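A look at the structure
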Amino acid sequence: MAVLDRQHYIESLPASKRLADATPLAVTDATSMSEIDDYLVSRHDDFEADLCELLRIPSISADSAHADDVRRAANWVHDHLQALGLTTELIETAGHPLVFAQSEQIPGKPTALVYGHYDVQPPDPLDEWVSPPFEPTVRDGNIYARGATDDKGQMLTHIKSAEAWMKTVGQLPLNVKYLIEGEEEVGSQSLGTFLTEHAARLACDCVVISDTCQFGPGRPAITYGLRGIAYYELLLKGPQQDLHSGSFGGAITNPANVLARLLAEIVDGEGRVQLPGFYDAVVPLTPREREGYQAMAFDDEGFLAQVGVDGAIGESGYSTLERRWARPSYDINGLWSGYQGEGAKTVLPARAGAKFSFRLVPNQTPEQVTAALREFLEPRLPPGITMELKDFHGSPGVLVSLESPYIEAAASAIEHGFGTAPLYIREGGSIPIVTSFAEHLGADVLLLGWGLSDDNTHSPNEKFCLADFHRGTKASAQLWAELAKICG
Ligand code: BES
Ligand code: MN
Ligand code: MN
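Here the structure is a predicted model, which is why all the values come from computation and not from measurement. (Residues numbered from 1 in each chain as written. Chains lettered and ligands numbered in written order. Predicted model: local features only at pLDDT ≥ 70, side-chain atom pairs only at ≥ 80, totals over all residues. Heavy atoms only, no water.)

Now for the side chain of Q214. Secondary-structure assignment places Q214 in the loop between strand 7 (206–209) and strand 8 (221–226). Owing to a relative accessible area of 2%, Q214 belongs among the buried residues under this scheme. Polar side-chain contacts of Q214 include one of 3.1 Å to the backbone oxygen of W450. With sequence-adjacent residues up to four places away left out, Q214 is seen in contact with R219, P220, A221, F418, G449, W450, G451, L452 and D468. (Helix = DSSP H or I, 4+ residues; strand = E, 2+ residues; numbered from the N terminus. Buried < 20%, exposed > 50% of the residue type's maximum accessible area, 1.4 Å probe, protein only. Polar contact = N/O pair within 3.5 Å; in protein donor to acceptor, adjacent residues only side chain to side chain. Contact = heavy atoms within 4.5 Å.)

A separate point is the sheet that holds strand 18 (residues 463–465). In spatial order, the strands read 4-5-18; together these three strands make up an open sheet with antiparallel pairing. This sheet does not close on itself; its edge strands, each paired only once, are strand 4 (137–139) and strand 18. Direction aside, neighbouring strands of the sheet carry axes that sit 30° apart on average. In the sheet, strand 4 pairs with strand 5 (residues 142–144) via three bridges, with the strands oriented antiparallel. Its bridge partner being in strand 5, V138 is matched across the sheet by I143. Across the sheet, helix 5 (residues 148–168) touches strand 5 and strand 18, and the angle it forms with strand 18 is around 45°. (Pairing = 2+ DSSP bridges. Axes fitted to C-alpha atoms, helices over the stretch in contact; angles between N-to-C directions.)

Here the focus is helix 3 (residues 44–55). Counted at 1.5 Å a residue, the expected span for helix 3 with its 12 residues is 16 Å, and the 16 Å between its end C-alpha atoms agrees. Listed in full, the buried residues belonging to helix 3 are F47, D50, L51, C52, L54 and L55. Structurally, helix 3 contributes buried residues whose contacts are with helix 2 (30–42), helix 4 (67–83), strand 5, helix 5 and helix 15 (466–484). (Expected span 1.5 Å × (residues − 1).)

Around ligand 1 sit 14 residues, and of these E184, D211, R359, S430 and H458 come closest. The contact in question runs from an oxygen atom of ligand 1 to an N or O atom on the side chain of E185, over 3.1 Å. Considered on its own, ligand 1 offers 520 Å² of accessible surface; in the complex 88% of this is hidden by protein. Tallied by class, the residues present in the shell around ligand 1 amount to two nonpolar, six polar and six charged. (Near = heavy atom within 4 Å. Areas by Shrake-Rupley, 256 points an atom, 1.4 Å probe, with all protein chains shown as cover. Nonpolar A, V, L, I, M, F, W, Y, C, P; charged D, E, K, R; others polar.)

Looking at the metal site, the manganese ion (ligand 3) is ligated by D150 (OD), E185 (OE), E185 (OE) and H458 (NE2), spaced 2.1 to 2.6 Å from it. Bound by six donor atoms, the manganese ion (ligand 3) shows angles of 55 to 155° at the metal and therefore irregular coordination geometry. One chain supplies every donor to the manganese ion (ligand 3), and in sequence these donors are spaced D-x34-E-x272-H. The metal-metal distance between the manganese ion (ligand 3) and the manganese ion (ligand 2) is 3.6 Å, with D150 coordinating both. One end of the pair, E185, is in the loop between strand 6 (175–181) and helix 6 (189–197); the other, H458, is in the loop between strand 17 (444–449) and strand 18, and 273 residues separate them in sequence. (Donors = N, O, S within 2.8 Å, 3.2 Å for Na, K, Ca; no water. Tetrahedral: all angles 85-135°; square planar, octahedral: opposite > 155°, others 65-115°.)

The geometry of helix 5 relative to helix 15 is characterised by a closest axis approach of 8 Å and an angle of 50° between their N-to-C directions. In terms of their interaxial angle, helix 5 and helix 15 are classed as oblique. Viewed along their axes, helix 5 and helix 15 form a crossing whose handedness is right-handed. Residue-level contacts link G153, L156, T157, H158, K160, S161, A162 and W165 of helix 5 to F469, G472, T473, S476, A477, W480 and A481 of helix 15. (Parallel < 35°, antiparallel > 145°, perpendicular 65-115°, else oblique. Left-handed = near helix turned anticlockwise from the far one by under 90°.)

Distances from the manganese ion (ligand 2) to its protein donors, H117 (NE2), D150 (OD), D211 (OD) and D211 (OD), fall at 2.0 to 2.3 Å. Along the chain, the residues donating to the manganese ion (ligand 2) are arranged with the sequence spacing H-x32-D-x60-D.

Now for the environment of A230. One can find A230 in strand 9 (residues 228–237). Between the C-alpha atoms of A230 and R201, which are 29 residues apart in sequence, the distance is 29 Å. Here A230 is in contact with F356, S357, F358, L360, P366, V369, H393 and G394, once residues within four sequence places are set aside.

Have a look at this one:
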């Protein structure tokens, strides 16, 4: 079958990036693994109860009113890691604290760094939740709560897997470090700073992250590409105060009219972003990738039905998977101006604003996009309008190497946990710190997603499939065994 497999991807890499020989893997110690698997099964209920406890903490990083809750979640993770017998530290930052933990060092064994986040997105709109966002509730084998899949549930699998090793074998078979942050959902600024200053503390051979999705139910995946992001807020200012649209309309420039025009002009009818040079750095999809994605037989109709629309548009010449995973995109994220209340008010507003962002692919950078955006907007501003452009968080897109013994180990672990080999996919979302890990730590990044694309991340009724929670934990426990076979 011509699905995208690791070999396809490796063949598309330049020869300089390929390994001569993959490190051979020894056979797993079957006895201790089955003991560990039994332990995991015996603890299912307790693990779910612990997950519920963490999900009850409304650790919304974007909302300063919840700063104490964010800290409570940090402490919860810290105490949990400490209870396993790891050396732990709560690291203060300019923003939310980092949780760091480390197992006892075993010389000659590789070091894995687990990264995850304990912060969550705001839960609004609240009235669309079937059960309240911070009262975890199980329905049909899924646990519903903000953060269930993104990322508390997924992150916890790598802590519970360590517990299984500690409680059965008495120690982990390799060196594991944990770095769990509280600002992922707001751009990972404090961690970015910490990483440049303390890279040595985080030294590792590979980074393990579960903050992505499977390809579909029962189709686990290793993600080898994420999109980046460039996020902006644009404010247009017109007259010094709101005006009567009858007395002034048609003679005075309306900032809302201008905003609507400018925002619309950023993309053309073919779905192509119009900023100068926007596509110059874009790494095109390889023929192998295009064939591979085609063979994955993505269910376009089911996808549209899932979000409740009867059709969609996007960049011409690309499939839905290509558009979501490997092509840049542009979305308005918020829009305001004029009268929002009941009934009609004939007003020519003094201000208009918007938040919008571009998803970037390798090798586009937020800096290039910012420069191009200014170059695009400035000459288009009509008389009577000034603009303020705020530049928020940004990160470039990433492709991680699949040509690595660590990926091999992860694939075996996933097969053990989920009963089937993983697919190799990309995802459209962003994990800003991944690029920095690759750059500063020189380590391979393993993106092992246990979520599902209909988990409602950032939306009402976020959920995580409990069977996947347990399968992910089983895969993680096996991962420690598989990684331990590689020389450190
Ligand atoms: N877990 C997501 C990233 C993700 C989303 C990966 C979907 C794969 C599929 C992460 O928590 C997230 O939401 N990231 C933000 C980053 C932003 C706030 C800088 C995103 O992608 O919007
Ligand atoms: Mn996440
Ligand atoms: Mn998120």
